[in-house]
Amino acid sequence: MQPATIDSINRIPLLVTLGIRLSAMGPDFCQMEVTVDERHLNFYGGAHGGLLATLVDTVCFFAEPLLPAGRQLTTSQLSVNYLRPVARADHLVARSKILHLGRRTVHVDVSIVNQHGALVVHGTATLLDVAPLAQI
């Protein structure tokens, strides 16, 4: 697996399809952004919860310590709390923060704010390193 970069992550087909962009990453965080448009809407005209859950799940994986370095991670637990409605044209910024980085698990906290700085989604995730499982 090639080392991940902002450019290579932004070429992931699902992220391209959804218009999600990685905008920053650091030693214990990652930040992704998306502007809600027609492809993201539910039947009632608001942002589909699946977009928001995808954003929570995806932003967890790209803090610098989690980038490909022999670790194969998967989500083992995901919690998404929808706090405010999200409308078409809202610009969302999702930021993850590593709370615990263990040998087998990673615990992550996620917040998504809109263009006004209002918290619209809060999430948590547990990531599991599955590489040791493959060696059993």
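See the structure shown above.
Residues take numbers from 1 onward in each chain, read along the sequence in its written order. Where totals are concerned, whole chains, interfaces and linings use all residues; where local detail is concerned, this predicted model gives features only for residues with pLDDT of at least 70, and gives and counts side-chain atom pairs only at 80 or more. Working from all heavy atoms in the structure, the side-chain values ignore hydrogens and water.

## Observations concerning the overall build of the protein
A helix here means a DSSP run of H or I that spans at least four residues, while a strand means a run of E at least two residues long, and both kinds are numbered starting from the N terminus. A count of helical and extended segments in the protein gives four helices and six strands. Reading the secondary structure of the protein in the N-to-C direction produces α-α-β-β-α-β-β-β-β-α. To get the radius of gyration, use the C-alpha atoms; to get the globule rule, take the number of residues to the power 0.38 and multiply by 2.2 Å. Relative to the globule expectation of 14 Å for 136 residues, the C-alpha radius of gyration of the protein, 15 Å, shows essentially globular dimensions. Principal-axis analysis of the C-alpha atoms places the extent of the protein at approximately 50 × 25 × 25 Å.

## So, the sheet that holds strand 1 (residues 21-25)
Read across the sheet, six strands follow the order 1-2-4-5-6-3 without closing on themselves; strand pairing throughout is antiparallel. Edge positions in the sheet fall to strand 1 and strand 3 (73-82), since each has one partner strand and no second. Taken over all neighbouring pairs, the strand axes of this sheet differ in orientation by 20° on average, direction set aside. Pairing between strands requires that DSSP locate at least two bridges from one strand to the other. Across nine bridges, the pairing between strand 3 and strand 6 (residues 119-129) is antiparallel. Each residue of the ladder has a partner; that of Thr74, found in strand 6, is Leu128. Contact criterion: two residues are considered in contact whenever any of their non-hydrogen atoms come within 4.5 Å of each other. The axes used here are C-alpha line fits, helices contributing only the stretch in contact, and every angle between their N-to-C directions lies in the interval 0 to 180 degrees. Contacts from helix 3 (residues 49-59) reach strand 2 (29-35), strand 3, strand 4 (91-101), strand 5 (105-113) and strand 6 within the one sheet, and its direction differs from that of strand 3 by about 135°.

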